[in-house]
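Residues per chain are reported as follows:
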Amino acid sequence: MSNEATPSVQTAAAGAPGPGSIASFIDHTLLKPEAGEADVLKVCAEAAEYRFKSVCVNPIWVKTVKKALRGSGVLTCSVVGFPLGATPTDVKAFEARGAVLDGADEVDMVINIAAARAGEKGALLEDITSVAEAVHASGAILKVIIETALLNDSQKVLACEAAVEAGADFVKTSTGFNGGGATAEDVALMRRTVGPGVGVKASGGVRSLEDAQAMIAAGATRIGASSGIAIVKGEQGSSSY
């Protein structure tokens, strides 16, 4: 498991970051299926300019993003099993290996949501562990999307516990595609469940500096947003992924 999450937890605990430092928490995100190369390159240029933590895109754009960000210090992030999580585990692992080989520094996977709702921890462990092994083999980071809007609190706890046992580096609230998004209450629950050594990513509906600060105060160590520029400027974003 990566040690990257722990310093971020300490940073969050020190107080809510302002516009000047919040960029380092943000995964600048473009996951719209209709996004083309020009859109992806624009997001990369923005990330380099504002010094966001990463650019998060669909797997077909990983090579493009890795090349565009070379030398910028901004990480390349890809999604796996996105946005439904209903892909067979071996396919998710295959997709994750491909993303890492293409240059992804981080992978955000969607869990088997049906298994979480059914309380099937063994199925969750198998799903997450297989992807974790594929991602960690190349030294990349794994974030596990539990899709909080579709789970009750006990199911959220179960999914987070499975992610920790499987060796995930982060747990993440939402895809932004399945109704609902991040809430401070969910972030706080996830933080309590995973403890201080695993990252928590708040994603879905975070569109302002105040939103981001509330998530970080609740325990988030990363923010997934397509409104990253609005956030760092202290404005209100309106677009989705």
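Residues numbered from 1 in each chain as written. Predicted model: local features only at pLDDT ≥ 70, side-chain atom pairs only at ≥ 80, totals over all residues. Heavy atoms only, no water.

The chain appears in an unreviewed UniProt entry as Deoxyribose-phosphate aldolase from Pseudarthrobacter siccitolerans. Looking at the Function (unreviewed entry) heading of the UniProt record, one finds this comment for the chain: "Catalyzes a reversible aldol reaction between acetaldehyde and D-glyceraldehyde 3-phosphate to generate 2-deoxy-D-ribose 5-phosphate." For the record of the chain, the UniProt heading Subcellular location (unreviewed entry) holds the text "Cytoplasm". (UniProt positions renumbered as here; feature names shortened; annotations may be inferred.)

Colleague: Got a minute to help me understand the UniProt feature "active site" (unreviewed entry) in the chain in this structure?
Modeller: As recorded in UniProt, the sites labelled "active site" (unreviewed entry) are D108, K172 and K201. The largest pairwise C-alpha distance within this set of annotated residues, which runs over 94 residues, is 10.0 Å, so the set is compact in three dimensions. Following the sequence through the fold, D108 ends up in strand β4 (residues 106-110). For D108, the residues in contact, after removing those within four places along its chain, are C56, C77, S78, V79, V80, K143, I145, K172 and K201. For K201, a relative accessible area of 0% puts it in the buried group. Setting aside residues up to four positions removed in sequence, K201 forms contacts with D27, D108, K143, F170, V171, K172, T173, R222, I223 and G224. Of note is the side chain of K201, whose polar atom sits 2.7 Å from the side chain of D27. (Helix = DSSP H or I, 4+ residues; strand = E, 2+ residues; numbered from the N terminus. Contact = heavy atoms within 4.5 Å. Buried < 20%, exposed > 50% of the residue type's maximum accessible area, 1.4 Å probe, protein only. Polar contact = N/O pair within 3.5 Å; in protein donor to acceptor, adjacent residues only side chain to side chain.)

Colleague: Got a minute to help me understand the pairing of strand β5 (residues 141-145) in this structure?
Modeller: Judged by how many residues are buried, β5 sits mostly within the fold: five of five residues are covered. The parallel pair β5 and strand β6 (residues 170-172), bridged by helix α7 (residues 153-165), forms a crossover whose chirality is right-handed. (Right-handed = clockwise from strand over helix to strand, strands pointing away.)

Colleague: Got a minute to help me understand the environment of G18 in this structure?
Modeller: Tracing the sequence through the fold places G18 in the loop between α1 (5-13) and β1 (26-30). Overall, the relative accessible area of 26% leaves G18 in the partly exposed class. Residues G18 and E161, 143 residues apart in the sequence, show an inter-C-alpha distance of 31 Å.

Colleague: Whenever I open this one, the packing of aromatic side chains confuses me. Can you help?
Modeller: When we look at a pair of aromatic rings, we describe it by the centre distance and by the angle of the planes. Tallied over the entire structure, the rule returns two aromatic pairs. Ring plane angle 20° and centroid distance 5.9 Å describe the contact between Y50 and F52, whose orientation is recorded as stacked. For F52, a relative accessible area of 2% puts it in the buried group. Between the aromatic rings of F82 and F177, the centroid separation amounts to 5.3 Å while the plane-to-plane angle is 85°, which identifies the pairing as edge-to-face. Of this pair, F82 sits in the loop between β3 (75-80) and α4 (89-102) while F177 sits in the loop between β6 and α8 (184-194), placing them 95 residues apart in sequence. The ring of F170 has K143 lying over it, and the distance from NZ or CZ to the ring centre is 6.0 Å. (Phe/Tyr/Trp six-rings, centres within 6.5 Å; stacked < 30°, edge-to-face > 60°. Lys NZ or Arg CZ within 6 Å of the ring centre and 35° of its normal.)

Colleague: Before we go on, may I ask you to explain the sheet that holds β6 in this structure?
Modeller: The strands making up a sheet associate through backbone hydrogen bonding, with each pair oriented either parallel or antiparallel. Taking strand neighbours around the barrel as the criterion, the eight strands line up as β1-β2-β3-β4-β5-β6-β7-β8 in a closed arrangement whose pairing is parallel. The sheet shows a mean angle of 25° between the axes of neighbouring strands, taken without regard to direction. Pairing geometry for strand β2 (residues 54-57) and β3, over four bridges, is parallel. From the neighbouring strand, C56 faces β3, where its bridge partner is C77. (Pairing = 2+ DSSP bridges. Axes fitted to C-alpha atoms, helices over the stretch in contact; angles between N-to-C directions.)

Colleague: Which parts of the structure should I look at to understand α7?
Modeller: What sets the pattern is the α-helix's 3.6 residues per turn: residues three or four places apart point alike. When the terminal C-alpha atoms of α7 are compared, their 18 Å separation across 13 residues agrees well with the 18 Å that a helix rising 1.5 Å per residue should span. Residues of α7 that are buried include every one of Q155, K156, L158, A159, C160, A162 and A163, and no others. Its buried side turned inward, α7 meets α5 (113-118), α6 (121-136), β5, β6 and α8. One or two steps after α7, the chain reaches G167, where phi turns positive at roughly 95°. (Expected span 1.5 Å × (residues − 1).)

Colleague: Is there a simple way to explain the packing of α6 against α7 in this structure?
Modeller: The geometry of a pair of packed helices is captured by two quantities: the angle between their axes and the separation between those axes. Running from amino to carboxyl end, α6 crosses α7 at an angle of 45°, the nearest separation of the two axes being 9 Å. Considered as vectors, α6 and α7 are oriented oblique to each other. As for how α6 packs across α7, the hand of that crossing is right-handed. When α6 is examined against α7, the residues K121, L124, L125 and I128 are found in contact with a partner set consisting of L158, A159, E161, A162, A163 and E165. Along the lines of polarity and charge, the residues of the contact of α6 with α7 split into seven nonpolar, no polar and three charged. (Parallel < 35°, antiparallel > 145°, perpendicular 65-115°, else oblique. Left-handed = near helix turned anticlockwise from the far one by under 90°. Nonpolar A, V, L, I, M, F, W, Y, C, P; charged D, E, K, R; others polar.)

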